[in-house]
Amino acid sequence: MKINSLVVVIIVLVVVGGGIIITNALDLWSAKPILQSPAASISSVNTDNASGSIESVPNFNTPYKPDGIRGTNTFAEISLMFNVPLMDLGIGFDITSEPDWQNLKARELKTIYTNLPPDVKLETESVRAFISLYTGKPYKYSDTSYLPGPAVDILKQKARLSAEQTAFLDSHTYNAGMTASTGTSNIGIHTVTGEVSFQTLLNWGISASEIEKTIGDKIPSGTTMIRAYADQEGKDFLVLVSALQELANKY
Amino acid sequence: MKNPAPKLSNILRLSVQILFFLFIAAIALNQKLEEMRMTITWLPTSCLHAICPFGGVESLYQLTTAGVFVQKIEQSAIVLMIIAFVLAIIAGPLFCGWICPLGSFQEWLGKLGGKLFKRKFNTFIPNNIDRYLRFLRYGVLILVLIATAVSAKLVFADYDPYHALFRFYSGEVAISALIVLGIVIVASLFVERPFCKYACPYGALLGIFNFFSLFRIRRSVSKCIDCKACDQSCPMNITVSSCKTVRDHQCISCLKCTSESACPVADTVVLSMTKL
């Protein structure tokens, strides 16, 4: 039994086209990542902390490496790959809209952070550096890679950083308004994140009455973090952070 | 003397090659447009790695051991890998000869090389060296698979000329991949399908199917007039004229040697399931 070119064409088109259509109908065709961390079912592990008690920490033991992060990876994918909370990525890179956290691609940071000083880069490389520092996975970050202030705050609060890494972060923090000539922010150096407590706001020199005026309520206890406060009181977290940041920028 | 009209088989194959080439190019462009928030809505915006069947092969180890895909490889790559295997079981590496846009690109550059160098084209590498170089792609295959399994990263992406060809303007392509693409482009002017012959890891894998595919290139010894037209037409330099059945690992099932195309005698070199 022999076949000619026309039959070959039909075979090719039917097998390729039919294969895609059938797998799509069976929900087996996905050209978007469906990455799954093998540690997803074990999202945290128990470990002894400095005081000897057991604490639960995220399990970063996934097979992915920070240098494998591509510009086309979305924050959702990166969160899944490395078991890093999506919120920390979103807030860390100062993405104001929560739905954007899911779909934002690492390379799009370049279009968000524009007009940077010449030796400051805030793009895919910054995401790799953030993930590396967050998870403790090795990565060689370049000297031109910067991280936004909120990302640095999150890392300092949540990651186990060495003195060297902390020094790197301190010298590679980007704050909005950073100018080419001074390399320092001319708006303010305090960054409000969900992990910032009300005591921290007071320590920055903001008066209790100003805080109360901004949040429209009596100031809670100093140890209360802004995220926890927003959740407890049912307030819009992003609106709250934005308002407090505007206040903090004056100091 | 007027060139003979192109044969139907050649037109059909060229049409299929152009179709897939343009489709991949359009998807790659749409990815770029997505960055500028101007996508063509009826076209997919998949990453090119998602629609490369070799990504499925690279991901198999990670998928079977760790239950995860290699970074940037999606389920679609596994589906396409299976589709290409199905085609290969039917009639050998049809993916190579009819679909692969990089293969098609090299072939079209080869036509330019044929015009420049005429009979010398595709003969620059001596047979005694060429014979051993043809196994280099198996080394590439093994190396890539091991490196990918160990790192869980798409290692080949940094050297992949297919990705470089369609995304060279994106700023995301590694310099090493651009260099490989440059070498492939230049080499295609001297040798037909150089990447396919010497370096393609996926071609190496699909080539194995030539040993047990259902339909194979077969030659009727009784009808053959030994004109060697089949040998001259073969882009992979296979001596079809010395085979009753082509079981060469380099055959790409392009059918250029068959009686529909180069062979001047009807039903002499055909794609058949049974012996002639």
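Coordinates for the structure precede this section.
Here we summarise the structure given alongside this text. Note that the structure is a prediction, hence the values are computed from the model and not measured.

**Some words on the state of the cysteines**
Residue and element names in this part refer to chain B. Tallied over the entire structure, the rule returns zero disulfides over all chains. Among the cysteines around Cys 96, which has no disulfide bond, Cys 200 carries the closest sulfur, lying 6.2 Å off. Unpaired in this structure, Cys 230 has its nearest cysteine sulfur neighbour in Cys 224, at a distance of 6.1 Å. Assessed through its relative accessible area of 6%, Cys 230 is described here as buried.

**Here's the deal with the pattern of salt bridges**
Here the idea is simple: oppositely charged side chains can pair when their charged atoms come close. All names here are of chain A. Going through the model one piece at a time under the given rule, you end up with ten salt bridges over all chains. Between Glu 125 and Arg 128 there is a salt bridge, with its nearest N and O atoms 3.4 Å apart. Residue Glu 125 and its partner Arg 128 are both found in helix H6 (residues 124-135); the two are separated by three residues, about one turn of the helix. Taken as a pair, Glu 125 and Arg 128 share a single burial class, namely buried.

**Quick look at the side chain of Ser 79 of chain A**
Here Ser 79 of chain A is to be found in helix H2 (residues 75-82). Setting aside its immediate chain neighbours within four residues, Ser 79 of chain A contacts Val 84, Pro 85, Leu 86 and Leu 89 of chain A.

**Things to note about the layout of surface pockets**
Regions of empty space are outlined by a rolling probe, equal in size to a water molecule, passed over the atoms. Residues and elements named next belong to chain B. Counted as a void, the second largest pocket has a volume near 820 Å³. As for the second largest pocket, its lining consists of 50 residues, and the residues nearest its centre are Ile 24, Ile 51, Pro 53, Leu 80 and Phe 95. In terms of residue class, the lining of the second largest pocket is made up of 38 nonpolar, eight polar and four charged.

**So, the pairing of strand E2 (residues 269-272) of chain B**
Put simply, side chains in a regular strand alternate between the two faces of the sheet. Burial along E2 of chain B is two-sided: the residues Val 269 and Leu 271 of chain B and Val 270 and Ser 272 of chain B are all buried. Looking at chain direction, strand E1 (residues 2-3) of chain A and E2 of chain B are connected through two bridges and run antiparallel. Note on E2 of chain B: the bridge partner recorded for Ile 3 of chain A is Leu 271 of chain B. Examined bridge by bridge, strand E1 (residues 216-219) of chain B and E2 of chain B share four bridges and lie antiparallel to one another. Opposite Arg 216 of chain B, over in E2 of chain B, you have Ser 272 of chain B as the bridge partner.

Rules behind the numbers
Numbers given for residues are sequential positions, taken from 1 along each chain in its written order. Key to labels: chains lettered from A, ligands numbered from 1, both in the order written. Totals for whole chains, interfaces and linings use all residues, but because this is a predicted model, local features are given only for residues with pLDDT of at least 70 and pairs of side-chain atoms are given and counted only at 80 or more. Think of the side-chain values as coming from all heavy atoms in the structure, minus any hydrogens and water. For the purposes of this analysis, a disulfide is any pair of cysteine sulfur atoms at a distance within 2.5 Å. Summary of the burial criterion: residues with accessible area below 20% of their type's maximum are buried, those above 50% are exposed, and those between are partly exposed, where the area comes from a 1.4 Å probe applied to protein chains only. Salt bridge, as used here, is a side-chain nitrogen of Lys or Arg placed within 4 Å of a carboxyl oxygen of Asp or Glu. Per the convention used, a helix needs a DSSP run of H or I reaching at least four residues, while a strand needs a run of E reaching at least two, with both numbered from the N terminus. In what follows, residue pairs with any heavy atoms lying within 4.5 Å of each other are defined as contacts. Only protein atoms enter the 1 Å grid, on which a cavity is a set of points fitting a 1.4 Å probe that cannot get out and a pocket is an open set with protein on both sides within 12 Å along at least 5 of 7 lines, lining residues being those with an atom within 4 Å of a point. Grid points are joined across faces, edges and corners, and a volume is the space filled by probe spheres set on the points. Polar here means any residue outside two lists: the nonpolar Ala, Val, Leu, Ile, Met, Phe, Trp, Tyr, Cys and Pro, and the charged Asp, Glu, Lys and Arg; Gly therefore counts as polar. Strands are labelled as partners when DSSP assigns at least two bridges between them.

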